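# Architecture and fold: a report
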Amino acid sequence: MPLRLQDKVALITGGAAGIGAAIVRRFVQEGAWVMVGDRDQPHGAALCQELSGATVFQGLDVSEADSFAVAIERAVGQWGKLDILVNNAGIALPAETVQNTTLDQFDELVAVNLRSVFLGCKLAYPHLKASRGCVLNISSMAGVTGQERHAIYGATKGAIIALTKCAAVDWGRDGIRINALCPAGVWTDTLRQWIKAQPEAAGIEEYLKRIHALGYCPEPVEVATVAAFLCSEEARFVTGCIMPVSGGSECGYNVHAPVPLADPQS
Ligand SMILES: NC(=O)c1ccc[n+]([C@@H]2O[C@H](COP(=O)([O-])OP(=O)(O)OC[C@H]3O[C@@H](n4cnc5c(N)ncnc54)[C@H](O)[C@@H]3O)[C@@H](O)[C@H]2O)c1
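All figures in this text were calculated on a predicted structure; none of them were measured in a lab.

## Observations regarding the overall build of the chain
For the chain, the count of helices and strands is 8 helices and 7 strands. In terms of overall dimensions, the chain is globule-like: its C-alpha atoms have a radius of gyration of 18 Å, near the 18 Å expected for 266 residues. Taken along the three principal axes of its C-alpha coordinates, the chain extends 65 × 45 × 40 Å. Expressed as a percentage of the 266 residues in the chain, the buried residues total 45%.

Structure below.
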């Protein structure tokens, strides 16, 4: 079977860890050349060393226009083109209500999660137009359904969904596709930190199984396989798509629950 991303050039933000690192691995398996853009130099460089040859690490702060421009130009300089931008870098904390979020916290969440997607799309546009390439944004089910104590995080993820749909309309005639993935929970460092920040951290692991209709919280590779498909030729007629990779979490309450709900008798 031919490789899905043979000789495609991709920039993956937040590629040093978690979902981003899984996408990097998957893209390399599928034949792509990958620039790993991340502010975490040690993990990003270690990943690139492990995957030798097909990847290059670039220090990147996605909230800064100059930093993003350098990463895009380096990818184009290295491999002569840019076919795929994966806007994956994001932060989930602080997880709070509107009234308990400070202005600085609001600004940071918006800068890292949303301003970054705008910057990446804007700066990559001429290169993607030249390659008839694509963008994949990593949103979240929190931007679709809402989530307790995640008002600003959810707002940034919902805005990414709107940006994705609008840009799909604008860019269709340029031959650029843009889609978004919405995970619910995925086992990564962000999720582990988020669990620690919850008032009842001990019960959260079971809760994470319950919210997914398929009965488990997935590893990042489950998101990476869908990312590879959406960025491949197989998805050439797919744009503006907001795709849940959520084990059916949005389909109903506690469907196929692997553990019983709290026993009202106890
Ligand atoms: N893990 C989940 O349960 C989950 C669920 C839904 C959506 N998501 C989304 O998936 C994406 C990846 O999340 P993850 O769980 O893999 O996180 P993670 O913390 O495991 O990895 C995120 C990576 O992004 C990098 N990063 C953070 N801020 C950055 C910045 N300003 N510039 C450059 N790099 C930066 C980090 O250094 C890290 O390598 C995020 O956008 C997140 O909102 C995650």
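## Structural notes on the packing of helix 3 (residues 65–79) against helix 4 (residues 103–131)
The geometry of helix 3 relative to helix 4 is characterised by a closest axis approach of 10 Å and an angle of 30 degrees between their N-to-C directions. Overall, the two elements helix 3 and helix 4 adopt an arrangement that is roughly parallel. Pair helix 3 / helix 4 crosses with right-handed handedness. Counting all contacts with helix 3, which are made through Ala 65, Phe 68, Ala 69, Ile 72 and Val 76, the residues of helix 4 involved are Leu 119, Gly 120, Leu 123, Ala 124 and His 127. Partitioned by chemical class, the residues of the contact of helix 3 with helix 4 number 8 nonpolar, 2 polar and no charged.

## Considerations on unusual backbone geometry
Here the residue pair Leu 93 and Pro 94 is connected by a cis peptide bond, since its omega of 5 degrees sits within 30 degrees of zero. Looking at the secondary structure, you find Pro 94 in the loop between strand 4 (84–87) and helix 4. For Asp 7, which is not glycine, the phi dihedral falls at a positive 60 degrees. Looking at the secondary structure, you find Asp 7 in the segment before strand 1 (9–13). Classification of Asp 7 by C-beta neighbours within 10 Å gives exposed; the count is 11. Phi is positive for Arg 149, which is not a glycine, with a value near 55 degrees. If you trace the backbone, Arg 149 turns up in the loop between strand 5 (134–138) and helix 5 (151–171).

Scoring rules and cut-offs
- Residues numbered from 1 in each chain as written.
- Predicted model: local features only at pLDDT ≥ 70, side-chain atom pairs only at ≥ 80, totals over all residues.
- Helix = DSSP H or I, 4+ residues; strand = E, 2+ residues; numbered from the N terminus.
- Rg over C-alpha atoms; globule rule 2.2 N^0.38 Å.
- Buried ≥ 20, exposed ≤ 12 C-beta atoms within 10 Å, placed from the backbone.
- Axes fitted to C-alpha atoms, helices over the stretch in contact; angles between N-to-C directions.
- Parallel < 35°, antiparallel > 145°, perpendicular 65-115°, else oblique.
- Left-handed = near helix turned anticlockwise from the far one by under 90°.
- Contact = placed C-beta atoms within 7 Å.
- Nonpolar A, V, L, I, M, F, W, Y, C, P; charged D, E, K, R; others polar.

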